[in-house]
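# Structural overview for review
For reference, the chains in residue letters:
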Amino acid sequence: MSHWAAFMTKVRETLRRGDVDRELDEEITYHIEHETERLIAGGIGPEAARRQARAQFGNARAVREQVREEYGFAGLEAVWRDLRHATRGLRRSPGFAATAIVTIGLGIGATTAVFSVLNGVVLRPLPYDDAGEIVRVSHTDNDGDRLGIPDGAYFFWRDNATTLDAVAAYLELSEPLHGAGEPLELGMIIATPSLFEVVRVAPLYGRLFTEEDAAPGAPDVVLLTYSFWQDRYGGDPGVIGRDAFPESDMEVIGVLPPDFDFVRPDPTISFGSPFDEPQIVMPLTMRQANARYGNFMYQGIARLAPGATPEAAATELMSFMPRAAETYTGSHTPQSLREGGHRPVVVPLKRAIVGSLEDTLWILLGAVGFVLLIAVANVANLFVARAGARGREIAVRRSLGAGWGALARASVSEGVVLSLAGGALGVGLAVVGTRALLGLAPADIPRVEQIGIDPVVLAFAAGVSVLAGLVFGLLPLVQFRGAADGGAALREESRGGTAGRDRQRMRRGLVAVQVAFALVLLVGAGLLLRTFANLRAIEPGFDPAGVLTMRVTLPESRTETAASEAVSRAREMVALVERIETIPGVEMAAFTADLPLDGGEYRDYVAVEGALPAVAEGERAALEEAPTALRVFSGPGYLTAIGARFVAGRDLERGDFADYPQYVVVNEAFAAERWPGESALGRRLVQWPNDPEQDVWYTVAGVVADNREASLMTPPEPTIYLPTVFRPDDGFGMWITDMTLVVRMSAGPAAADPASVFGAIEREIHAYHPEIPIRAVQTLGAVEARSFQQVSFAMVLILVAGGVALLLGAIGIYGVVSYLVTLRTRELGIRIALGASPRTLRRSIVREGAGIAALGIGVGVVAAFLVSRVLSSMLFGVATTDVVTYGGVCTVLFVAVILASLGPARRATGVDPVEAIRAE
């Protein structure tokens, strides 16, 4: 039998002690009666025989105790007795118990709430077998951009990598579903069949697709995700083998299981709108014979080989790059890849999904951990004070032979009972706190559905509660450690010497610790508050007030050629925004593919006339030899609609979109870089330079002031604003099918509340076409606010934690000073009777509190210098050693301590000398 099984057996036996005692009594009675009958049969009288039988058996009570000791009853009974005694003792001190439970409950509640988010987002495994072996594979370059993987890299890795068991490539896109009778957009994953080798999933119904399904010319097949199968088809297994949608010939070959949740890192939409969960999965067709190491458009996911690490895989893939580029020749050569700083990046999938939010959550857990420590210190101070009041009782118990183990067990039992009650309160607070956290958290927080109070979170709360109970249960006994025996303890307690001074030092030390922790939290909150203020002070380059945005996707055009379709879609979009502009309260409308500060960064190779990449005669230009620029696709009037400021020229106009637009807008940074000291108007540029005679040239129509496109923390960079219809060479036109409508309201109620006009806009859109899906409705101000939401999330929580810490620290100072004043009641009464000035006495008492604060602030400043470094990645425009923040926090804390000391000081100077001496 294992130790745990043996322990549980003892517990069960202890809990059924009544039954055991009855069985033991029956056994003892049987032995005594049996011996009595034997003696009577030998000629001894009944009474004499009974007495002799009992004498021979021995002390029945001692036998019972010996049996209990052998079965482990004694220790468990003592623990159970101590727990009951602790509960009764706390009932007799309801004020003490309530104060301690609420204090520790606040600390445990805050810690548990943050841990529940950390557990759901970071700690809980991904829903895949051996999820720790799955990695994201991608590339990066000298600009630090995250790039995908080329098809040539996929094939080379698949055929040669020894550190990867399986590798898959996929694309994400969305398209409107036609013929559904309502606006509906499908989120799709188009992946190589090896995706299911990587994630190791089996179908619920039907089959997965194979390499034959991904071959060129193979019939179109599709897999349905479980939720989409339930919502769209009512969970009908008969959908297998049928066409998936009206007006399509895609055959449904399988349904994925409900636990298949394709959690993707940094969802990157190739075409269409972002989506949370895909509805369908389709095979990705790639021809190995045509593969190139050039276009980094595919997303990559892989499973590590046994024993391989992400670092080892990245090293191997890096060594493959020259050979892969030579094998699959394309726009990149081994030399251009090396010069561009291109290199494979292999990151554990969970880390890729969670990103920088993991660091933020650990920081927040540490912050609320400080609050918990402050709460524990506060409750420990209460226990120290209570133990001081019970010092004579403890000394008497020691003198009567009670061991330190028994005293410790009793004190710990009281601490654990109290902390578990606080933990129960904390779990209740954590349920509410978790909801509040999610309300404050970034809107795109990953794995949000995994967040909640589950058994892991409850176990965490229970463990923290028990540890807290052990700390403030054992700490008070430290002050009695100097007395070797009960007599010494009783004498020391009687004369109130060293033990009293030890208690005072301990209480001062605990409060100093609280002040130090509070300072660390307030410094962190102050640094983030200054960061937030700095971000708010940044001019984004546009005016978000009164602007409403929403994503829409036009239905497929019925035009025959790609070129005419592109123009047709442009005209349709212009017609749609013209209808929206007829709505009362709307000043103007426009469209774009890329909102500012929306998380997307797309760069293209751009060359300007007179500075084309040098090429030999008869050769085409090498793309990688042209400088890059940030690229934004925009419709006519878009920059004007978002309130951007033009420094020269004009915006794109609707007349430009009557045919293929030949004009472009650039920002000041681009103009200064490409035409320094000269006017950019009328200059020409080319996107993706390839052949100077065949490339499409754009003329600069306007120069706009620099906008913050990537994020508020990222300085503006050279940017071009291209029309949404582009590259009309050789009869080919391309249209960004998914657009974001930008609607600026005129002055009045609509400008104050842009969302109030959405209903009218929605009706106008569906009157134009009933199947246009509308998604992501938000104000441009909300988009701007989201760009620093992670900083504001951390700032608010640490600020709240710092405020609670400041409050608990002030309460601790007040309690300690009040306690010290109580100890000096007789002294203060005598000094007042001898003519001491009340001001002098108040000053001495406040000075004592200030001394405790000075010690805590000194320790806290050193700790803050060390701890604040973890915030460096979240700060903007402020150093981790910012003197203003440290000075302000120290001042606030010191003033709080002085205010907390004034109350006891005033009370002390009102002592009646006669009453004080009589009470003493």
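Everything that follows concerns the structure shown earlier in this document.
What follows deals with the side chain of R303. By the element assignment, R303 lies in strand β10 (residues 299–304). Take R303: its relative accessible area is 1%, and that puts it in the buried class. At a separation of 2.9 Å, a polar atom in the side chain of R303 contacts the main-chain carbonyl oxygen of D129. The contacts of R303, once residues within four sequence positions are left out, are D129, D130, E133, I134, T163, L164, D165, A166, E197, V198, V199 and R200.

On to the environment of L875, then. Structurally, the position occupied by L875 is in the loop between α27 (838–867) and α28 (883–909). For L875, a relative accessible area of 11% puts it in the buried group. Expressed as a C-alpha distance, the spacing of L875 and V791, which sit 84 residues apart in the sequence, is 8.1 Å. Contact partners of L875, with chain neighbours within four places excluded, come to L527, L528, T531 and T880.

Before going further, it helps to examine the environment of I798. Within the secondary structure layout, I798 lies in helix α25 (residues 789–823). For the pair I798 and L365, spaced 433 residues apart in sequence, the C-alpha separation works out to 9.7 Å. Excluding anything up to four places from it in sequence, I798 contacts I363, L364, A367, L521, G524, A525, L528 and L871.

Next up on the list: the side chain of R744. Residue placement: R744 occurs in strand β23 (residues 738–745). In terms of polar contacts, R744 uses its side chain to reach the backbone carbonyl oxygen of I642, at 3.5 Å. Those residues in contact with R744 that lie beyond four places of it in its chain are D543, A545, G546, V547, V586, E587, M588, T640, A641, I642 and G643.

Counted under the stated rule, the structure contains 13 aromatic pairs. With centroids separated by 6.0 Å and ring planes inclined at 85°, the aromatic side chains of F228 and Y233 adopt a geometry described as edge-to-face. A relative accessible area of 7% places F228 in the buried class. Look at Y233 and you get buried, because its relative accessible area is 16%. What links up through ring pairs into an aromatic cluster is the set Y154, F155 and Y328.

At a closest axis distance of 10 Å, the pairing of helix α7 (residues 151–160) and helix α10 (residues 310–327) adopts a crossing angle of 120°. With respect to α10, the element α7 is oriented oblique. Between α7 and α10 the crossing geometry is right-handed. Taking contact as the criterion, the partners of F156, W157 and N160 in α7 are, on α10, E316, L317, F320, R323, A324 and T327.

Moving on, we get to the pairing of strand β3 (residues 164–176). Across the 13 residues that make up β3, a large majority, eleven, are buried. Bridge count between β3 and β10: six bridges; the pairing is antiparallel. Within the sheet, the bridge partner assigned to A169 lies in β10 and is G300. Bridge analysis of β3 against strand β4 (residues 185–191) gives seven bridges, and the strand direction is antiparallel. Across the sheet, residue P176 finds its bridge partner in β4, namely E185.

Reading guide: rules and limits
- Residues numbered from 1 in each chain as written.
- Predicted model: local features only at pLDDT ≥ 70, side-chain atom pairs only at ≥ 80, totals over all residues.
- Heavy atoms only, no water.
- Helix = DSSP H or I, 4+ residues; strand = E, 2+ residues; numbered from the N terminus.
- Buried < 20%, exposed > 50% of the residue type's maximum accessible area, 1.4 Å probe, protein only.
- Polar contact = N/O pair within 3.5 Å; in protein donor to acceptor, adjacent residues only side chain to side chain.
- Contact = heavy atoms within 4.5 Å.
- Phe/Tyr/Trp six-rings, centres within 6.5 Å; stacked < 30°, edge-to-face > 60°.
- Axes fitted to C-alpha atoms, helices over the stretch in contact; angles between N-to-C directions.
- Parallel < 35°, antiparallel > 145°, perpendicular 65-115°, else oblique.
- Left-handed = near helix turned anticlockwise from the far one by under 90°.
- Pairing = 2+ DSSP bridges.

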